[in-house]
Amino acid sequence: MPDITLPASLDGVELVRSVRTPARMEYTYTAGVATTRFLKGLAQGKILGERAQGGKVYVPSRGADPQLGVPTTEQVDLPHVGTLVSFCVVNVAFYGQGMEIPYTSGLILLDGSDLPLMHLIQECPVEDVHIGMRVEAVWVDASDLGPTLESIRYFRPNGEPDVPVRQPGEGVTW
Amino acid sequence: MTDDIGVLSAPLIIEYPFSRTTGPVIGAFLTGLREQILLGIRARDGRVVIPPTEYDSATGEDLTELVEVGPGGVVDTWAWVRHPMPKHPLQVPFAWALVRPDGADVGFLQPVDAGSLEAMATGMRVKPRWGDEREGSIHDLACWEPE
Amino acid sequence: MRDVAVIAFAQMPNVRAETVLNEVEMLMPVIRDVRGRAGLDQQQIGFTCSGSTDYLSGQAFSFVSTLDGVGPWPPIQESHVEMDGAWALYEAWVKLQLGDVDTALVYCYGKSAPGPLHEVLSRQLDPYHVAPLWPDAISLAALQARAMLDAGKAREEDFCEVAARSRRNAMNNPNAQLAWSVSEYDLINEEPLVDPLRKSDCPPTTDGASAVVLAAGDRARELCRRPAWIRGIDHRIEPMALGMRDLTVSASTRLAGTKAGATGTYDVAELHAPFSHQELILREALSLGDHGNVNPSGGALAANPVMVAGLTRIGEVAQRIMDGTATRGVAHATSGPCLQQNLVTVLEGDS
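Residues numbered from 1 in each chain as written. Chains lettered and ligands numbered in written order. Predicted model: local features only at pLDDT ≥ 70, side-chain atom pairs only at ≥ 80, totals over all residues. Heavy atoms only, no water.

### Considering the domain arrangement of chain C
Residues and elements named next belong to chain C.
And step 1. If you check the domain split of chain C, you get domain 1 (4–115 + 205–227) and domain 2 (117–203 + 229–348).
And step 2. Taking the mean C-alpha position of each, domain 1 and domain 2 sit 22 Å from one another.
And step 3. The interface of domain 1 with domain 2 comprises 49 residues on the first partner and 41 residues on the second.
And step 4. Carbon and sulfur atoms supply 64% of the area that domain 1 and domain 2 bury against each other, a total of about 3500 Å² over both sides.
And step 5. Seen at the junction of domain 1 and domain 2, the total is 0 salt bridges.
And step 6. For the side of domain 1 that touches domain 2, the class distribution of residues is 27 nonpolar, 14 polar and 8 charged. (Domains from an automatic or database assignment. Contact = heavy atoms within 4.5 Å. Buried area = accessible area lost by both parts, 1.4 Å probe. Salt bridge = Lys/Arg side-chain N within 4 Å of Asp/Glu carboxyl O. Nonpolar A, V, L, I, M, F, W, Y, C, P; charged D, E, K, R; others polar.)

Put into structure tokens, the structure is as follows:
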């Protein structure tokens, strides 16, 4: 970079090198129809997936089947058990974290769903968490249910034997 | 068409602290503001541009000669805000203006606390009102007022 | 250069706020509609490009979720611009020039209602000197309007004439949000909102979406009885600092128009002028003079879905050519404060 010529009036003065420009904006987020159905389902202790005619079951649904590009029209009341298809053990503290480290986040493929749901895995030492593990949802008390995924506290192993999990890309055709 | 199933909504707030590196040219301009000095930069064609840019907007070449301008200036164009928005720099009716400090060849966007619509006119002279506490940001220049 | 044409256009009715459907639910019918009009399903489309901004929704990568509504399976060639859909169309046009695909889907959407629109738009301004002052889009436009008055290029009555004519034209547009008939002689008596602009000089806040299908050469002729051929397209941008620009002329529109071959006569012009005084600036830049058929749709003063209004101008011209009610038209799209960046395209049907 070429040298900048400063006027004499700034001789010897400490130069600004950075400036704070904070920004905060407030929005009203509208869940849309499909997400509203999912959230209201949680308030009733249900996990609702959705599917379009001829399509796969997605949970949570945003209202569109991403393979067919059409609205999902049918709700599917999914069981609260599934298989852990992937997970991550969090060891690094980050701003806003609520959990004690280390803790496990997992992708849970509920029985009957084609899309895994992300949630916490608890009641299992982090070194014992593994793909193929069978898990079940642990809910909050009935009086604390609300239109939020926090109505489910976490998933925990349910003692069933492991099941094989399809590897990424396995069986995918087009 | 969809039946209204009582669609849920919730507040969503996004907030960024942002700390931006200035580089030597913008850094010098903001340093100037902290010191109650206005700086422009000389462009390739000899015009003095404020706020100073690192590059010439017509040719792209590096610019290096900072020039002191002001303190007073002229309103090149203006707009009268009857109902200030919450984040506007002034919370009483005020004017946005392109203010061209003496010695500069272009104006830059600044608020003018003129008191009333009738006090505003293109070509009027204004002088800067500096913030009491200055830290090297555009806010160090609180606003302008009629000279 | 390959001949590329608009062969289909669709939009959703423009509304003050879509409070029930989320963006993907809102977009799906528009995409289905435009593909249906083109007679193509997603697998037959070579390239998909969208225009939107995550700042409107306040969520990073929110635009990715709207791809669900396209049904991108088997995997598709796709791109996105954080711009009005008119620039997504430009990218798709460039892609078609490369010759490896013959059709493109271009879509765009924006919900201005959920967030603080003026605060959101201020985030595109200079981050050191301007954005921290949070100036709103109306104030910035008003500076330009004052400059027009000071230069003797217009009177406030001329602004009101544009405002009145646009909403009156919109009465023939079932998709317009603001459509009314009030004389400019009454509008002049409105109290200013941000002097010298009145509320009627300003666009409404709008949620909306629109889409276009492009096709090249013989493929266009196979799919569409009367394609709207893109005879020229170009876009130019001016410096960011308002003080560096002559706000009373749109030098970038004039240059884009020259490069796009925007000379001669037109049956119709659709100009993306969110503020009334800007239509006057754009008319001059494109040498439209007192052309009698500008913004028959009502333009951005009748509906201004951010990220959409520019593509919709192109669609409105294209539709009139495809319908046979026009043969040659010019469409314009803008981005940034006070007409900072401008795109011009000339469209023509076979005679």
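Moving on, there is more to tell.
### Quick notes on the sheet that holds strand β1 (residues 4–11) of chain C
All names here are of chain C.
And step 1. Taken in spatial order, the 9 strands make up an open sheet running β3-β2-β4-β7-β1-β8-β11-β10-β9, and their pairing is mixed. Strands at the two margins of the open sheet, each flanked by one partner only, are β3 (78–81) and β9 (268–270). Averaged over all pairs of adjacent strands, the angle between strand axes in this sheet comes to 25°, irrespective of strand direction.
And step 2. Here strand β4 (residues 103–111) pairs with strand β7 (residues 207–216) via 9 bridges, running antiparallel. For V106, the partnering residue across the bridge sits in β7 and is V212.
And step 3. Relative to strand β8 (residues 228–237), helix α10 (residues 251–259) is tilted by about 145°, and along the sheet it contacts β8, β10 (328–335) and β11 (341–348). (Pairing = 2+ DSSP bridges. Helix = DSSP H or I, 4+ residues; strand = E, 2+ residues; numbered from the N terminus. Axes fitted to C-alpha atoms, helices over the stretch in contact; angles between N-to-C directions.)

### What to know about the pairing of β4(C)
Residue and element names in this part refer to chain C.
And step 1. Within β4, 9 of the 9 residues are buried, leaving the element largely enclosed by the surrounding structure.
And step 2. Burial of the side chains of β4 extends over both faces: T103, L105, Y107, Y109 and K111 are buried on one face and A104, V106, C108 and G110 on the other.
And step 3. In this sheet, β4 lies alongside strand β2 (residues 47–51) in parallel orientation, the contact comprising 5 bridges. When the sheet's bridge partners are listed, C49 is paired in β4 with V106. (Buried < 20%, exposed > 50% of the residue type's maximum accessible area, 1.4 Å probe, protein only.)

### So, the pairing of strand β9 (residues 125–130) of chain B
Residues and elements named next belong to chain B.
And step 1. In the sheet, strand β6 (residues 73–81) pairs with β9 via 2 bridges, with the strands oriented antiparallel. Among the inter-strand pairings, V74 is bridged to a residue of β9, identified as R125.
And step 2. Note that β9 and strand β10 (residues 141–146) share 5 bridges and pair antiparallel. Counterpart to P128 in the pairing with β10 is W144.

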